[in-house]
Amino acid sequence: MIYQTDIGNQRIAQDFDQILVWSAILLLSLGLVMVYSASIAIAEAARGTGGYAAHFLMRHGAYLLIGILVGLIAFQVPMPIWQKYSFRLLLLGVLLLVLVLIPGIGREVNGSRRWISLLVVNFQPSEFVKLFMVIYAADYTIRKRVHLDNFRKGFFPILVVMSVIGLLLLKEPDFGAFVVITAIVMATLFLGGVNLKVFMGLISILIVGLLTLIWIEPYRMQRIVGFMDPWIDPYGKGYQLSHALIAFGRGEWLGVGLGGSVEKLFYLPEAHTDFLLAVIAEELGFVGVVAVVILFAGLVVRSFVIGRQAAMQERHFSALVAQGIGVWLGVQALINMGVNMGILPTKGLTLPLMSFGGSSIVANCVALAVLLRVDWENRQSMRGFAL
């Protein structure tokens, strides 16, 4: 009996990339702990929580459980099915982004209309649109591979799609999601073998466009000013960043200890969401932040390795999906970390797999399930070839 159990465990270990699995498990687990630590004071004081300190912990745990269950379902879907329905998923994403802008359906919070109320929870479509764009961009790149050196046939159609999605996201507004989706599409096209000259030209156009969007919106310019020197206006434009930097400074090498953060006590806004890394830095110190960076690096590197293995088996759609998911999680994590450390302007993006947020956690779990599906199919194909 023990022998059979050992054989079963070895078989499971052989079916999945262990670095990827453990990186994901550790990030999700640490996120659960740190969300609880960062949200205790907020939960005790917020309306609708009844003063229950574990309010956000219980909700985050429920979101995580839902994410795992939905992820298990997503894992059962073969990659050819994802490819077959890629365009329909894109249309679903566009429809959701339209619905969120309709008064009475979309819910407005802090001046942004990014959520659809589902009575007990709020659903954020942009988190799932990121996944849909990973799948659609991979399928588009495969279908248009012979035209990727031609701007009109290779780039213009996807540029129209990005423009429509970008317009809808900017109406919310959700500039951060637009930046991440742009990075996903451009990276997928690059990995798919696009003509370098055309690619660089398109990159130049996008950079000019993004800078223009920042320039024409006063609140975005204020964030840039606050980012350049938060201490000029520490109680206004530089408030979030200045307190995030204080948290990093207090943490030093080993941190003040789990639960010992002062900045989470109503000083640092969004401590359990956008600025969770600052609380990690304060409580777990430099060592804790480095551990998080290493785990994300492991996850991203393994996604590219899995993608390369799929490409070697000529499963090019699966390869681009795996690498697209790596780009998504890596770019979003990098932006969030940069914002927390004062390297990038303040932007409302969560730390993937860790920050509080139901839609984000569920979408991330589904993305990981799809990535594991690619890895599983790679290993099954190799095993069949060996036999």
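Residues numbered from 1 in each chain as written. Predicted model: local features only at pLDDT ≥ 70, side-chain atom pairs only at ≥ 80, totals over all residues. Heavy atoms only, no water.

Visitor: Explain the sheet that holds strand E1 (residues 106–109) here, please?
Guide: Each strand in a sheet pairs with another by means of backbone hydrogen bonds, the pair being arranged parallel or else antiparallel. Taken together, 3 strands build an open sheet; the order of strands is E1-E2-E3 and the sheet is antiparallel. The sheet terminates laterally at E1 and strand E3 (122–123), the two strands that pair on one side only. Here 4 bridges tie E1 to strand E2 (residues 112–117), and the two strands are oriented antiparallel to one another. Bridging from a neighbouring strand, glutamate 108 pairs with arginine 113 of E2. (Pairing = 2+ DSSP bridges. Helix = DSSP H or I, 4+ residues; strand = E, 2+ residues; numbered from the N terminus.)

Visitor: Looking at this structure, how should I read the environment of phenylalanine 266?
Guide: By the secondary structure assignment, phenylalanine 266 is in the loop between helix H11 (239–251) and helix H12 (276–312). Placed 221 residues apart in sequence, phenylalanine 266 and alanine 45 show a C-alpha to C-alpha distance of 9.8 Å. With near-sequence residues (within four places) excluded, phenylalanine 266 lies in contact with Ala41, Ile42, Ala45 and Tyr239. (Contact = heavy atoms within 4.5 Å.)

Visitor: So what exactly am I meant to see when it comes to the pairing of E2 here?
Guide: Side chains on a regular strand alternate between the two faces of the sheet. Examined bridge by bridge, E2 and E3 share 2 bridges and lie antiparallel to one another. Looking at E3, one finds that serine 117 is bridged to asparagine 122. Where E2 folds back onto E3 in an antiparallel hairpin, the turn is made up of 4 residues, including leucine 119, whose phi is positive at roughly 70 degrees.

Visitor: Would you take a moment to explain the side chain of aspartate 17 for this structure?
Guide: Take aspartate 17: it is sitting in the loop between helix H1 (2–15) and helix H2 (18–45). Not counting residues up to four positions away in its chain, the partners in contact with aspartate 17 are Arg302, Ile306, Asp375 and Arg379.

Visitor: So what exactly am I meant to see when it comes to the packing of helix H7 (residues 151–171) against helix H8 (residues 175–191) here?
Guide: Angle between the axes and distance between the axes are the two parameters that describe a pair of packed helices. At a minimum axis separation of 9 Å, H7 and H8 run at an interaxial angle of 165 degrees. In terms of orientation, H7 lies roughly antiparallel with respect to H8. The way H7 lies across H8 gives a crossing that is right-handed. Together, Phe155, Ile158, Met162, Ile165, Gly166, Leu169 and Leu170 of H7 and Phe175, Ala177, Phe178, Ile181, Thr182, Val185 and Leu189 of H8 make up the contact between the two elements. Tallied by class, the residues present in the contact of H7 with H8 amount to 12 nonpolar, 2 polar and no charged. (Axes fitted to C-alpha atoms, helices over the stretch in contact; angles between N-to-C directions. Parallel < 35°, antiparallel > 145°, perpendicular 65-115°, else oblique. Left-handed = near helix turned anticlockwise from the far one by under 90°. Nonpolar A, V, L, I, M, F, W, Y, C, P; charged D, E, K, R; others polar.)

Visitor: For this particular structure, what's the right way to read the packing of H8 against helix H13 (residues 316–341)?
Guide: The interhelical angle for the contact between H8 and H13, taken along N-to-C directions, is 140 degrees, at an axis separation of 9 Å. With respect to each other, H8 and H13 are oriented oblique. Crossing hand, H8 versus H13: right-handed. For the pair H8 and H13, the contacting residues are Val179, Val180, Ala183, Ile184, Ala187, Thr188 and Leu191 in the first and Leu320, Gln323, Gly324, Val327, Trp328, Val331, Gln332 and Ile335 in the second.

Visitor: Whenever I open this one, the environment of valine 301 confuses me. Can you help?
Guide: Structurally, valine 301 can be placed in helix H12. The exposure class of valine 301 is partly exposed, given its relative accessible area of 47%. Distance from valine 301 to alanine 24, taken between C-alpha atoms, is 13 Å for residues 277 residues apart in sequence. (Buried < 20%, exposed > 50% of the residue type's maximum accessible area, 1.4 Å probe, protein only.)

Visitor: Would you mind showing me how to read a nonpolar patch on the surface here?
Guide: On the surface, Trp253, Leu254, Phe286, Val287, Val290 and Ile294 cluster together to form a nonpolar patch covering roughly 650 Å² of accessible area. With respect to the helices and strands, the residue isoleucine 294 is situated in helix H12. (Patch = residues over 30% accessible without salt bridge, like charges linked within 9 Å, V, L, I, M, F, W, Y side chains within 5 Å. Areas by Shrake-Rupley, 256 points an atom, 1.4 Å probe, with all protein chains shown as cover. Salt bridge = Lys/Arg side-chain N within 4 Å of Asp/Glu carboxyl O.)

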